[in-house]
Amino acid sequence: MSHPHAADPPPRTSGGARPDWTRRRNFDRSPLLVFYEITKACDLVCLHCRACAQAKADPDEMTTADSMTFIDQLARFPEPPLLIFTGGDPLKRADLFDLIRHAGSAGIQTAITPSPTPLVTAEAIRELKEAGISRMAVSIDGADAETHDKLRGVAGSFAMTHRIMDDARAAGLPIQVNTTLTPDTYGQLEAIADMLEPHGIALWSLFLIIPVGRASEKMRLDGERYEKAFERLWDISREHSFMVKTTEGMHYRRYVLQKRKESGKAEPMKMSARGWEGGLPGVNDGRGILFVSHAGLIHPSGFLPLTCGMVPFNDVVDVYQNSPIFRRLRDADSFSGKCGVCEYRHVCGGSRARTFAVTGDPFASEPDCVHIPRAWDEAHGAPAGVE
């Protein structure tokens, strides 16, 4: 399974035809990242698969023509997004390279999250780069083959992923590594980071489990353990050459801000040539993010399965800008519980996907955050529970 939210935009500081990813955007008008699940077909059986990927392609997959129409729509955003081809395994789709080239001709920058299978040869990686792919994201879910392969459901996946990283580096294609934060990987964070350092990766992203698809509740950590993980990630980010961020762990940004304030640094978030420290402020499900399923269903993210439209019957620009669900997801002041009054709500906002998966309400409080906002404390007294 490839991973939504898996390939973040490479920072660009030079002026040119392509977007400058280092600057903040108007997320009310344009998303930063668009994930296109071009197929559900995949040869892996990952325990945490959001997509419930399957061996064969779904007959309802969007056609090549509809996919190209969708890509053309993306070019009409005021600030065109980064388009991430995900799945399933994108390389299982025969027209993948045609879609990549079409995106390039439309002025859309692309990234990809392939599954670690024999399809990802050194030649395929070179062809992906030549077609226009700007970054590849792979998953490493353990410091050893036993831990990783257990989660991925296929023996040899760990070794295959390392080979893919080496081939991508040889081809000059930047690599992002995604790791799912589970009880198994929680104790291996430092070991995984040390293992990744020699590979020259651009970014390490830790995914906090959303109980959707095959992912079960037992794979989640509680809020206190996430907080301890944040402390360790903060230390790791200071010791390694790559950036560290979280996916569906928006409250790590809150932690980063708190640590910066403790150190007496006035600026709210640090931007370097490597990217935004802790992740781009404010990006959340439906806010800077848009997801289109293999069948054309438009969702705020791959982990928040609220259908707001369908390609090709609805214009994706109109859905993102005007859908009532998208609009409210971008309004952190409208959230209920402690998230709605949190002093960090415009930088963090809590995972709307996890909130929906756990409570059934995408606008409620983040269930895995232990922070008590000042306004909540003053109104309700400590300790405050999660709604």
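Preceding block: the structure.
Presented here is an overview of the structure given in this document. (Residues numbered from 1 in each chain as written. Predicted model: local features only at pLDDT ≥ 70, side-chain atom pairs only at ≥ 80, totals over all residues. Heavy atoms only, no water.)

### A word on the overall build of the chain
Turning to step 1, where the next piece is worked out: Per the secondary structure count, the chain includes 13 helices and 12 strands.
Turning to step 2, where the next piece is worked out: For the chain, restricting intrachain contacts to residue pairs at least 6 apart in sequence, the fraction spanning at least 24 positions comes to 72%.
Turning to step 3, where the next piece is worked out: In the structure as shown, the chain presents an accessible area of about 14,200 Å², 52% of it carried by carbon and sulfur atoms. (Helix = DSSP H or I, 4+ residues; strand = E, 2+ residues; numbered from the N terminus. Contact = heavy atoms within 4.5 Å. Areas by Shrake-Rupley, 256 points an atom, 1.4 Å probe, with all protein chains shown as cover.)

### Here we look at the side chain of D95
Turning to step 1, where the next piece is worked out: With respect to the helices, strands and loops of the structure, D95 is situated in the loop between β2 (82–86) and α2 (96–105).
Turning to step 2, where the next piece is worked out: Among the polar contacts listed, one links the side chain of D95 to the side chain of R93, at a separation of 2.6 Å. (Polar contact = N/O pair within 3.5 Å; in protein donor to acceptor, adjacent residues only side chain to side chain.)

### Observations concerning helix α4 (residues 145–152)
Turning to step 1, where the next piece is worked out: Regarding α4, the residues found buried are T147, H148, D149, L151 and R152.
Turning to step 2, where the next piece is worked out: For α4, the secondary structure elements touched by its buried residues are β4 (133–139), α5 (157–170), β5 (175–181) and α6 (183–186).
Turning to step 3, where the next piece is worked out: Remark: G153 follows α4 within two positions and exhibits a positive phi of approximately 80°. (Buried < 20%, exposed > 50% of the residue type's maximum accessible area, 1.4 Å probe, protein only.)

### Some words on the packing of α4 against α5
Turning to step 1, where the next piece is worked out: Viewed as axis vectors pointing N to C, α4 and α5 meet at an angle of 100°, and their least axial separation amounts to 8 Å. Of the possible angle classes, the one that applies to α4 and α5 is roughly perpendicular. Mapping the contact onto sequence places A145, H148, D149 and R152 in α4 and S157, F158 and T161 in α5.
Turning to step 2, where the next piece is worked out: Among the residues making up the contact of α4 with α5, the classes are represented as two nonpolar, three polar and two charged. (Axes fitted to C-alpha atoms, helices over the stretch in contact; angles between N-to-C directions. Parallel < 35°, antiparallel > 145°, perpendicular 65-115°, else oblique. Nonpolar A, V, L, I, M, F, W, Y, C, P; charged D, E, K, R; others polar.)

### Overview of the pairing of β2
Turning to step 1, where the next piece is worked out: The buried fraction of β2 amounts to five of the five residues, a majority that puts the element mostly inside the structure.
Turning to step 2, where the next piece is worked out: Residues L82, I84 and T86 point to one face of β2 and L83 and F85 to the other, with burial holding for every one of them.
Turning to step 3, where the next piece is worked out: Bridge count for strand β1 (residues 33–37) against β2 is five bridges, and the pairing is parallel. Among the inter-strand pairings, E37 is bridged to a residue of β2, identified as T86.
Turning to step 4, where the next piece is worked out: Pairing geometry for β2 and strand β3 (residues 110–112), over three bridges, is parallel. Opposite F85, over in β3, you have I112 as the bridge partner.
Turning to step 5, where the next piece is worked out: What joins β2 to β3 is α2, and the crossover it makes is right-handed. (Pairing = 2+ DSSP bridges. Right-handed = clockwise from strand over helix to strand, strands pointing away.)

### Some thoughts on the pattern of salt bridges
Turning to step 1, where the next piece is worked out: Inspection of every chain in the model, using the stated rule, returns 15 salt bridges.
Turning to step 2, where the next piece is worked out: Linking D184 and K150 is a salt bridge whose minimum nitrogen-to-oxygen distance equals 3.4 Å. With D184 in helix α6 and K150 in helix α4, this pair connects stretches of sequence that are 34 residues apart.
Turning to step 3, where the next piece is worked out: Note on D184: relative accessible area 40%, which makes it partly exposed.
Turning to step 4, where the next piece is worked out: A single network of salt bridges, built from pairs that share partners, joins R220, R354, E366 and D368. (Salt bridge = Lys/Arg side-chain N within 4 Å of Asp/Glu carboxyl O.)

### Examining the packing of aromatic side chains
Turning to step 1, where the next piece is worked out: A full pass over the atoms with the stated rule returns 10 aromatic pairs.
Turning to step 2, where the next piece is worked out: Seen in terms of ring centroids, Y36 and F70 are 5.2 Å apart; in terms of plane orientation they differ by 70°. Their pairing is edge-to-face. Of the two residues, Y36 is situated in strand β1 and F70 in helix α1 (residues 64–74); the sequence distance between them amounts to 34 residues. Take Y36 and F70: they sit in the same class, and that class is buried.
Turning to step 3, where the next piece is worked out: Look at F230 and Y252: their rings are 5.3 Å apart centre to centre, the planes differ by 50°, and that puts the pair in the tilted class. Here Y252 lies in helix α9 (residues 251–262) and F230 lies in helix α8 (residues 223–239), a separation of 22 residues in the sequence. In this structure, F230 and Y252 share a single accessibility class: buried.
Turning to step 4, where the next piece is worked out: A connected cluster of aromatic rings, assembled from ring pairs, spans Y36, F70 and F85. (Phe/Tyr/Trp six-rings, centres within 6.5 Å; stacked < 30°, edge-to-face > 60°.)

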